[in-house]
Every structure is written in structure tokens, then in C-alpha cells.
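Spelled out, the chains give:
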Amino acid sequence: MGALQQVLVVDDGVRLADHSLAADLAGLGYASVTASIEAFDDVLAVIARPAAVLLQSSNRRDAVYERLATRLREQMKSGGIPVIELDGAPTRVGAPVDLKSRIGPYVLNEPEL
């Protein structure tokens, strides 16, 4: 069995104290790194190639955020890494199962290196 597949979680820096997407991912068997949208380039430079990127946003919609999010999407697309967008809505019951159904096919099909 190979190492855990790593997922990069990129957000706008707004994180709920009572909910951690990283905890949900760990519960599903995925390793993850969380970074703000402003730091994604720096984080990508020091981590292994992620199997997927989760772009998690809240209601923040400014020109800088949109420009960085567009650049992230384009960079990941050119590298063949899927970007799955999640809105900042509160997590509902069953969300980890929904999350697994959204990232599972990408991460499980990632070739081992």
C-alpha cells in the first residue's frame, strides 16, 4: 500500500474554529496541507505534488482573491491537478461522505510515485 495521497486545501484565510476540513480529510484517509490563497505558490514550492486541490472560499469576493483563484485554477489545470471548489457554507451532516465522493475518484486514481 502506498503513502497517503496529499490534498492541498486553499482558502481565503477565514476558518471556523469549530470545524476543520483537514480533520474531515484525515478521517477519510487523506493527508492535507492548508494554505491561504495568498500563500499557495509558496506552499506548492515545498510540498509534494498534490493529488487534488480543494479551493474553499467564504463570502470574500475581492479583485485580489479572484485574480489569485483564477491563477491557481489555471496553474493546476496545466499540471493536470483537479481543483474542487467548495463554498464557505457551514458543514452539514454527511459532508465528509460527500467530500469523499467528490475527491475520491481523483485521488484514488493518482499513480504512485
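Basis of the calculations
Residues numbered from 1 in each chain as written. Predicted model: local features only at pLDDT ≥ 70, side-chain atom pairs only at ≥ 80, totals over all residues. Heavy atoms only, no water. Pairing = 2+ DSSP bridges. Helix = DSSP H or I, 4+ residues; strand = E, 2+ residues; numbered from the N terminus. Axes fitted to C-alpha atoms, helices over the stretch in contact; angles between N-to-C directions. Contact = heavy atoms within 4.5 Å. Core = buried A, V, L, I, M, F, W, Y, C linked by side-chain atoms within 4.5 Å. Buried < 20%, exposed > 50% of the residue type's maximum accessible area, 1.4 Å probe, protein only. Expected span 1.5 Å × (residues − 1). Arc of directions from axis to C-beta. Polar contact = N/O pair within 3.5 Å; in protein donor to acceptor, adjacent residues only side chain to side chain.

**Student:** Hey, could you go over the sheet that holds strand β1 (residues 6-11) for me, with residue numbers and the actual values?
**Tutor:** Across the sheet, which stays open at both edges, the 4 strands sit in the order β2-β1-β3-β4 with parallel pairing between neighbours. For this open sheet the edge positions go to β2 (31-36) and β4 (83-86), each flanked by a neighbour on one side alone. With strand direction ignored, the average angle separating the axes of adjacent strands in the sheet is 20°. Pairing of strand β3 (residues 52-56) with β4, which is carried by 4 bridges, proceeds in the parallel orientation. Within β4, the position partnered with Leu55 by the bridge is Glu85. Running at roughly 165° to β3, helix α3 (residues 63-78) makes contact with β1, β3 and β4 of the sheet.

**Student:** If you had to explain the nonpolar core to someone new, which residues and values would you point to?
**Tutor:** Membership of the largest hydrophobic core comes to 15 residues, with the highest contact counts inside it found for Leu8, Val10, Ile37, Val53, Leu55, Leu72 and Met76. Among the secondary structure elements, those contributing two or more residues to this core are β1, α2 (40-46), β3 and α3. Among the elements that line this core, the one with the most residues is α3, at 5 residues. Setting aside residues no more than four positions away along its own chain, Leu55 makes contact with Val10, Ile37, Tyr65, Ala69, Leu72, Arg73, Val83, Ile84, Glu85 and Leu86. Val7, Leu28, Leu54 and Ile84 belong to the second largest nonpolar core, which has 9 residues in total.

**Student:** Hey, could you go over α3 for me, with residue numbers and the actual values?
**Tutor:** End to end, α3 covers 23 Å across 16 residues, agreeing with the expected 22 Å (1.5 Å per residue, within 8%). Every buried residue belonging to α3 is among Tyr65, Leu68, Ala69, Leu72 and Met76, and all of these are buried. Looking straight down α3, one finds that the buried residues subtend no more than 100° of arc, so they occupy a single side. Seen from the buried face of α3, the exposed residues on the opposite side, beyond 90 degrees, are Ala63, Arg67, Glu74, Lys77 and Ser78. Contact partners of the buried residues in α3: β1, α2, β3 and β4. Between the side-chain oxygen at the start of α3 and the backbone nitrogen of Val64 there is a gap of 3.2 Å, and the oxygen is on Asp62. The first or second residue beyond α3 is Gly80, which carries a positive phi of 75°.

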